[in-house]
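For reference, the chains in residue letters:
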Amino acid sequence: MDISRSQEMFEIFDEGWQGLNQQFYDGNFHGVSWAAVRDKYRPLVATCAVKEELYNLFARVLGELNASHLGMYGQTRDN
């Protein structure tokens, strides 16, 4: 099976963003424009060569919400 690393990275970002969009406990996102956060950071996904870089980028996305105990974790190896 062929997997596009770039496409996979964007999918992970989009699913993470959408999950919080649907489930974050504050519907006002602590006064942050959640869509603007996506628009600011999503283009940077193209610069991520490995999942660790994507997780670090998404940590910055989560930091925009200024909420405790948020994080993105997952497998970083392909096997």
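Residues numbered from 1 in each chain as written. Predicted model: local features only at pLDDT ≥ 70, side-chain atom pairs only at ≥ 80, totals over all residues. Heavy atoms only, no water.

## Points about the confidence of the model for the protein chain
- Looking at the protein chain, the pLDDT average stands at 90 and 90% of residues meet or exceed 70.
- Between the elements of the protein chain, mean pLDDT differs from a low of 93, seen in helix 3 (residues 51-63), to a high of 98, seen in helix 2 (residues 34-41). (pLDDT = per-residue confidence, 0-100. Helix = DSSP H or I, 4+ residues; strand = E, 2+ residues; numbered from the N terminus.)

## Here's the deal with the nonpolar core
- Judged by nonpolar contacts, the single largest core of 18 residues is most densely connected at Phe13, Leu20, Trp34, Val45, Leu54 and Val61.
- Of all the secondary structure elements, the ones that give two or more residues to this core are helix 1 (5-23), helix 2 and helix 3.
- Not counting the four nearest positions on each side in its chain, phenylalanine 13 is found in contact with Arg38, Tyr41, Arg42, Val45, Leu54, Phe58 and Val61. (Core = buried A, V, L, I, M, F, W, Y, C linked by side-chain atoms within 4.5 Å. Buried < 20%, exposed > 50% of the residue type's maximum accessible area, 1.4 Å probe, protein only. Contact = heavy atoms within 4.5 Å.)

## Remarks on the packing of aromatic side chains
- In total, this model carries five aromatic pairs according to the counting rule given.
- Their ring planes at 5 degrees and their centres at 5.6 Å tell us that phenylalanine 29 and tryptophan 34 sit as a pair that is stacked.
- On the basis of relative accessible area, phenylalanine 29 is assigned to the buried category, the value being 10%.
- With relative accessibility at 3%, the residue tryptophan 34 sits in the buried group.
- One aromatic cluster is present, built from ring pairs that chain together Trp17, Phe24, Tyr25, Phe29 and Trp34.
- Sitting over the ring of tryptophan 17, arginine 38 keeps its end group 4.4 Å from the ring centre. (Phe/Tyr/Trp six-rings, centres within 6.5 Å; stacked < 30°, edge-to-face > 60°. Lys NZ or Arg CZ within 6 Å of the ring centre and 35° of its normal.)

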